[in-house]
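# Coordinates in review
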Amino acid sequence: MSQQGGTYPRGVVSPLSLLTKRLARADRMRRRAVDVRDAELARVMQPLKKTAAARGATRIRERRLLTESLLMLKLDRPAGVELTPRQHLKLEVGGQSRKYTICSAPHEPWLELFVERQPGGTFTPKLMALPVGAQVGVRRASGSFARSDRHRVHVMVATVTGVAPFVSMIRDARHRGDDAEFHVLHGASYADELGYRDELSAKATYVPVVSRPTEPRNAGWTGETGRVNALLPAYLARRGLGPDRTMIYACGHPGMVEAVRAEAKRLGYAVRDEDYG
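Residues numbered from 1 in each chain as written. Predicted model: local features only at pLDDT ≥ 70, side-chain atom pairs only at ≥ 80, totals over all residues. Heavy atoms only, no water.

## Some remarks on the overall build of the chain
Summing up its helical and strand segments, the chain has 6 helices and 12 strands in all. Looking at the 277 residues of the chain, the share that counts as buried comes to 42%. Counted over contacts in the chain with a minimum sequence separation of 6, partners at least 24 positions apart contribute 64%. Entry remark: accessible area of the chain is about 15400 Å², with carbon and sulfur atoms responsible for 51%. (Helix = DSSP H or I, 4+ residues; strand = E, 2+ residues; numbered from the N terminus. Buried < 20%, exposed > 50% of the residue type's maximum accessible area, 1.4 Å probe, protein only. Contact = heavy atoms within 4.5 Å. Areas by Shrake-Rupley, 256 points an atom, 1.4 Å probe, with all protein chains shown as cover.)

See the structure below:
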């Protein structure tokens, strides 16, 4: 029996109705697929967005060449870069990148670094060659080499640029009116490598140490000599700095850091360290 233009018996579905249902089902499945795709795309893109947000460019605002291999550098601080004392950040120049510890404190409107060129290094020579006004890439600050809140006395042992996180910690403390006791034992081969000597002498008990006192470059040196880590036990005893109220820190050359860590533990002191190996 022809059903053209008429009604269908009960239980029989017209071709048009069947087609409509199939199209509606296909549309629902398409919408679900789009939702799944969008959710997956959002999941994949999230870390990429975070990475993009963590990167930026900044400008060199000040540079001071301390020696042929040591540079004190200040960069404009990009908007949104939050700091805590002792963190590090990664700089990018010419497709290369390297991590440096920050000297500046959170309240300062710049990023300050103490940079050393190591033999065979390829990134730092590029950075040291850049003039004031040059742009460099910068990634978000990070790091967990923190000052102890439990101790009131802080003995900080560093070699050359390893003093950077201690400069940041001490600047921040003094800015906030914190009267914690800081002792900085700062070692270098030569006296002209002791960056931040004047600043730290004014804000902490500062003990500069040179390991090559007889060389002409150290002519006239009258301060402490030898390996800076070797001075630690006698210094603690002479100052009466017991382990109950004193935290030991070490930052810089891996050999020095390892020696300080071992000696501090042997003497019963809590110790925190970071090496530049």
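Moving on from the coordinates now.
## Structural notes on the nonpolar core
Generally speaking, soluble globular proteins have nonpolar side chains that are buried together. The biggest cluster of nonpolar side chains holds 29 residues, and the ones touching the most others in it are M156, V163, F166, V184, Y196 and L200. Of all elements in the fold, only β2 (70–76), β7 (153–159), α3 (164–175), β8 (181–188), β9 (205–210) and β11 (246–252) reach the threshold of two or more residues within this core. Excluding anything up to four places from it in sequence, F166 contacts F145, M156, V157, A158, Y249, A250 and C251. (Core = buried A, V, L, I, M, F, W, Y, C linked by side-chain atoms within 4.5 Å.)

## Quick look at the pattern of salt bridges
Two side chains carrying opposite charge are able to pair once their charged atoms lie near each other. For the structure on display, the rule yields 16 salt bridges. Salt-bridge contacts for R171 lead to E199; the nearest nitrogen and oxygen are separated by 2.7 Å. Of this pair, R171 sits in helix α3 while E199 sits in helix α4 (residues 197–203), and the two are 28 residues apart along the sequence. Accessibility assignment for this pair places R171 and E199 in one class, buried. Salt-bridge contacts for R261 lead to D273; the nearest nitrogen and oxygen are separated by 2.9 Å. Of this pair, R261 sits in helix α6 (residues 254–267) while D273 sits in strand β12 (residues 270–275), and the two are 12 residues apart along the sequence. D273 gets classed as partly exposed once you look at its relative accessible area, which sits at 28%. (Salt bridge = Lys/Arg side-chain N within 4 Å of Asp/Glu carboxyl O.)

## Here's the deal with the sheet that holds β12
Picture the strands of a sheet paired through backbone hydrogen bonds; they go either parallel or antiparallel. Sheet architecture is open: 6 strands sit in the order β10-β9-β8-β7-β11-β12, paired in parallel fashion. Of all the strands in the sheet, just β10 (224–225) and β12 have a single pairing partner and so form its edges. The sheet contact formed by β9 and β10 spans 2 bridges and is parallel. Residue pairing for β10: V210 is matched across the bridge by T225. Packed on one face of the sheet, helix α5 (residues 232–239) meets β7, β8, β9 and β11 and runs near 155° to β8. (Pairing = 2+ DSSP bridges. Axes fitted to C-alpha atoms, helices over the stretch in contact; angles between N-to-C directions.)

## So, unusual backbone geometry
The backbone of V160 shows a phi angle near 45°, a positive value even though the residue is not glycine. Position of V160 among the secondary structure elements: in the loop between β7 and α3.

## Focus: the environment of H253
By the secondary structure assignment, H253 is in the loop between β11 and α6. C-alpha separation for the pair H253 and T159, spaced 94 residues apart in sequence, amounts to 6.3 Å. One polar contact links the side chain of H253 to the main-chain amide nitrogen of G255, over a distance of 2.9 Å. (Polar contact = N/O pair within 3.5 Å; in protein donor to acceptor, adjacent residues only side chain to side chain.)

## Overview of α6
Taking 1.5 Å of rise per residue, 14 residues should cover 20 Å, and α6 covers 20 Å from first to last C-alpha, within 8% of that figure. Packing partners of the buried residues in α6 comprise β7, α5, β11 and β12. Two residues or fewer past α6, G268 is found with a positive phi of approximately 90°. (Expected span 1.5 Å × (residues − 1).)

## Describing the packing of aromatic side chains
Scanning the entire structure with this criterion turns up 5 aromatic pairs. Both rings, one in F114 and one in Y196, keep their centres 5.5 Å apart while their planes meet at 80°; by these two values the pair is edge-to-face. With F114 in strand β5 (residues 110–116) and Y196 in the loop between β8 and α4, this pair connects stretches of sequence that are 82 residues apart. The pair F114 / Y196 is uniform in exposure class, with both members buried. On the numbers, 6.3 Å between centres and 70° between planes, the contact of F166 with Y249 is edge-to-face. With F166 in helix α3 and Y249 in strand β11, this pair connects stretches of sequence that are 83 residues apart. (Phe/Tyr/Trp six-rings, centres within 6.5 Å; stacked < 30°, edge-to-face > 60°.)

## Here we look at the side chain of T124
Relative to the helices and strands, T124 resides in helix α2 (residues 123–129). Excluding residues that lie within four positions of it along the chain, T124 makes contacts with R98, Y100, V115, E116 and R117.

## Examining the environment of A204
Mapping A204 onto the fold places it in the loop between α4 and β9. Sequence-wise, A204 and A180 are 24 residues apart; in three dimensions their C-alpha atoms are separated by 9.4 Å. Discounting chain neighbours no more than four positions away, the residues touching A204 are I170, F182 and V184.

## Side note on the pairing of strand β3 (residues 88–93)
Within a regular strand, the side chains alternate between the two sheet faces. By the bridge criterion, 6 bridges tie β3 to strand β4 (residues 96–101) in an arrangement that is antiparallel. Pairing of L91 across the sheet is with R98, part of β4. Counting the residues in the hairpin turn of β3 and β4 gives 2 residues, including G94, whose phi is positive at 55°. Summarising the sheet, β3 and strand β6 (residues 135–139) pair through 2 bridges and their orientation is antiparallel. When the bridges of β6 are listed, L91 appears paired with V138.

Function cannot be inferred from these measures alone, as they are strictly geometric.
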